[in-house]
Amino acid sequence: MRWVLSVFRIRRGPPTLRELPSLFAKIAVFGAVTGPFWAAFFTSLDNPAGALHIFTDPVSLMWASLTGIVFSFSFFILCGVGNGYLRRILNGYPPSIWRPIYIIYNTVAASLACAISLGIVTHLPTGVHVEIPFFWRIVLIDGAIGAVLALVIGAFVRLKLQVEESQTKLREQELAVRELAVAASQAQARALQSQINPHFFFNTLNTISALVEDDPIAAREMIGRLSDLFRYTLGCTHSDAVTLGEEVQFVRDYLSIERARFRKRLRVELPEGSLPAVRIPGLVLQPLVENAIKHGIAPLIDGGSVQVNVRESSAGFRVSVRNTADDHALPELAAMFRPGHALENVRARLRIFTGEAEPLRIERGAGWVEFSFDAPLSTSVLATPVTV
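Residues numbered from 1 in each chain as written. Predicted model: local features only at pLDDT ≥ 70, side-chain atom pairs only at ≥ 80, totals over all residues. Heavy atoms only, no water.

Moving on: the overall build of the chain. Looking only at helices and strands, the chain features eleven helices and eight strands. Split by element, the accessible area of the chain, about 22,200 Å² in all, is 64% carbon and sulfur. (Helix = DSSP H or I, 4+ residues; strand = E, 2+ residues; numbered from the N terminus. Areas by Shrake-Rupley, 256 points an atom, 1.4 Å probe, with all protein chains shown as cover.)

Right under this line is the structure:
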């Protein structure tokens, strides 16, 4: 019984060719078993005594079973298989759309299945002759309604395909725009990077030229060290980011040149040990240190100190450069970030790298000024500042 009743299981799509033989067998068995009962029921409406005759007469029982098979096949093909195709076509539509379509389709399909079944049974030698008034009109009306319904379903399907195609094109366009934005950001970052390289080059040459007369031996040593510095700057030009450890080491090498010039007037604190495993744009820390020396330490007779610190923050790790400064000689913010200035270049590159509107922060105190920015979060052991 369960095998027969499984034919009424709701399907998400039409049956496959492999399923058809089994389904037809179930339909035949179901129609043969239920056909006599339906025949007895309709016969009892006019002739109650004749209803029992269907079960006692083998010939009547056979034709009643055949009639049940005809009706079962008609309803299965038009309603069962048709609903399977509808479910696949209307998948994804809201209930407000597919429910009315289901109701109209099943009403038309049931009416047409009943008319076709009665037409077939009437022409069988079963002794059952049913006169259906306006038979062809009923078939014509059902066909017309079915045609209109097919046009409506086709319109919905085309609309769905157009919407999916539009969504696909929008996703492709968004992806293309995103890729162009990334490429533009990289190009802009490298253009800014290329501005830093000659700026660093000329400033370093000025530092070395100042040593030529005072300490020629130190000047020659600095020229040799300059090649190592430029090897790093060229590597930064072809890379979007470097590790914080690499940038701090570059600053250490750069300060070896500056200390040869300023001697005891320049005191530096740099982080030592294991630095956080974060990446930052190349050559963003060195311009901050250079700015601290040029505008903070150089104007002071007794010099001062430059401190580079790395500490944890809410956004990950904060990298800061603090230097001694004359409170009265500090320029305004607008003068610090004028176009073409190193600080404006650093701020622009940090904007591209972090996506923040104001990535470079400035704090002032009594006799000091500090520039800082946040690096992406990563796990590592914080460095311990050591005076060099």
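With that out of the way, let us pick up the packing of aromatic side chains. If you walk through the whole model with that rule in mind, you get two aromatic pairs. Here the aromatic rings of F24 and F73 are separated by 5.5 Å at their centres, their planes lie at 45 degrees, and the arrangement is tilted. Here F24 is found in helix 2 (residues 20-46), whereas its partner F73 is found in helix 4 (residues 58-89), with 49 residues between them in sequence. On the basis of relative accessibility, which here comes to 33%, the residue F24 falls in the partly exposed class. Residue F73 is classed as partly exposed on the basis of its relative accessible area, which comes to 24%. Summarising the aromatic geometry, the rings of F24 and F76 are spaced 6.4 Å apart at their centres and angled 80 degrees between planes, so their arrangement reads as edge-to-face. (Phe/Tyr/Trp six-rings, centres within 6.5 Å; stacked < 30°, edge-to-face > 60°. Buried < 20%, exposed > 50% of the residue type's maximum accessible area, 1.4 Å probe, protein only.)

Before going further, it helps to spend a moment on helix 5 (residues 95-122). Taking 1.5 Å per residue, 28 residues should reach 40 Å; helix 5 reaches 40 Å between its end C-alpha atoms and fits that length. Buried within helix 5 we find I101, Y102, V108, A109, L112, A113, A115, S117, G119, V121 and T122. (Expected span 1.5 Å × (residues − 1).)

As a further point, take the pattern of salt bridges. Tallied over the entire structure, the rule returns ten salt bridges. Residues D374 and R361 are paired through a salt bridge, measuring 3.2 Å at the closest nitrogen-oxygen approach. A residue pair is termed long-range when its members are at least 10 positions apart, and D374 in strand 7 (residues 368-375) and R361 in strand 6 (residues 361-365) qualify at 13 residues. Its relative accessible area of 7% is what places D374 among the buried residues. It is possible to trace a salt-bridge network through shared partners that takes in R318, E356, R361 and D374. (Salt bridge = Lys/Arg side-chain N within 4 Å of Asp/Glu carboxyl O.)

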